[in-house]
Amino acid sequence: MIDIGVNLTNSRFDKDLNTVLSNACEYGVKHILVTGTNVNESEKALALCQQHQKLLSCTAGVHPHDADHVADDYLARLQSLASHSAVKAIGECGLDFNRNFSTPVNQKRVFTEQVQLAQQLQLPLFLHQRDAFDDWLSILSPYISSVPFMISHCFTGTSQQLRLCLEAGMYIGITGWVCDERRGQALRDIIHQIPLDKLMIETDAPYLTPRTIRPKPKSSRNEPKYLKYVVEEIAKLTDYSEPEIIQHTSENANRVFGLRCTS
């Protein structure tokens, strides 16, 4: 299995990161992409990749929550980070009008600049969207044919939004949200509409711990070792078997991020 989105620079992993990584490997995770959420976190993500070169790759980008706080040279710093072979995509970038921790104007500007950077560098886009779908897709649309790949990270949208993402050729990242029948029922209802050749799996750890874990873990912290519960739930909700899901999501991740990992 390949976990395409883990926030390993989060402070909740500070004390036992090596154990978290060894547990992930023990549970069948072959590779992990560390998510960059701002320039400083992206630099930390790259540093982790350099310490664990076989297991980790990363993204470099600015999350919409941080759009108000970018420095004047943030794009140059992202471009410098992207020159390293461990950096496989620009992001996590996008729009989040649910919380508006940054103004919509700044979110749109910083997002557009990162989309243009991905086009310039010919790197995939690792995308975030919440309560901003129309504006998000409007910004992306002119670049769909010129950015190598786009990944809708942690997809939680509607059937119509899923259709539009798939029509745009996007890959769809599914997290433990699909394991939550309370918040995630809408996603559970449409998961079967995602073809295997566009499906990816991720934990988004330390967030979105699958509710289906048994016995229930003592800690609320999600970890890459729990990725298998995402696979199990997708299999229950579709006609896909667990081996099929693992095989195809691994092939998709290898292709999109330029990895060389077996499933």
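As a starting point, this report considers the structure included with it.

About the cut-offs
- Residues numbered from 1 in each chain as written.
- Predicted model: local features only at pLDDT ≥ 70, side-chain atom pairs only at ≥ 80, totals over all residues.
- Heavy atoms only, no water.
- 1 Å grid on protein atoms, 1.4 Å probe; cavity = no way out; pocket = protein on both sides within 12 Å on 5 of 7 lines; lining within 4 Å.
- Points joined across faces, edges and corners; volume = space filled by probe spheres on them.
- Helix = DSSP H or I, 4+ residues; strand = E, 2+ residues; numbered from the N terminus.
- Nonpolar A, V, L, I, M, F, W, Y, C, P; charged D, E, K, R; others polar.
- Core = buried A, V, L, I, M, F, W, Y, C linked by side-chain atoms within 4.5 Å.
- Buried < 20%, exposed > 50% of the residue type's maximum accessible area, 1.4 Å probe, protein only.
- Contact = heavy atoms within 4.5 Å.
- Polar contact = N/O pair within 3.5 Å; in protein donor to acceptor, adjacent residues only side chain to side chain.

## Details of the layout of surface pockets
Roughly 930 Å³ of internal volume is contained in the largest pocket. Together, 35 residues line the largest pocket, and His-63, Asp-96, His-128, Arg-130 and Asp-204 are the ones closest to its centre. Secondary structure elements with two or more residues in the lining of the largest pocket: β4 (87-96), β5 (125-130), α5 (133-140) and α6 (159-167). The class makeup of the residues in the lining of the largest pocket is 10 nonpolar, 16 polar and 9 charged. Of the pockets and cavities examined, the second largest pocket occupies roughly 340 Å³. Surrounding the second largest pocket, 18 residues form its lining, Thr-209, Pro-210, Arg-211, Lys-216 and Ser-220 being those nearest its centre. For the lining of the second largest pocket, the per-class residue count stands at 7 nonpolar, 4 polar and 7 charged.

## Observations regarding the nonpolar core
Leu-8, Leu-125, Trp-136 and Ile-174 are the most contacted members of the largest nonpolar core, which totals 76 residues. Residues contacting Leu-8, with those up to four places away along its chain left out, are Phe-13, Leu-17, Leu-21, Ile-32, Val-34, Leu-48 and Leu-56.

## Considerations on the side chain of Asn-38
Along the polypeptide, Asn-38 turns up in the loop between β2 (31-34) and α2 (39-51). Here the side chain of Asn-38 touches Glu-41 through a polar contact of 2.7 Å, landing on its backbone nitrogen. When sequence neighbours within four positions are dropped, the list of residues in contact with Asn-38 reads Gly-61, Val-62 and Asp-66.

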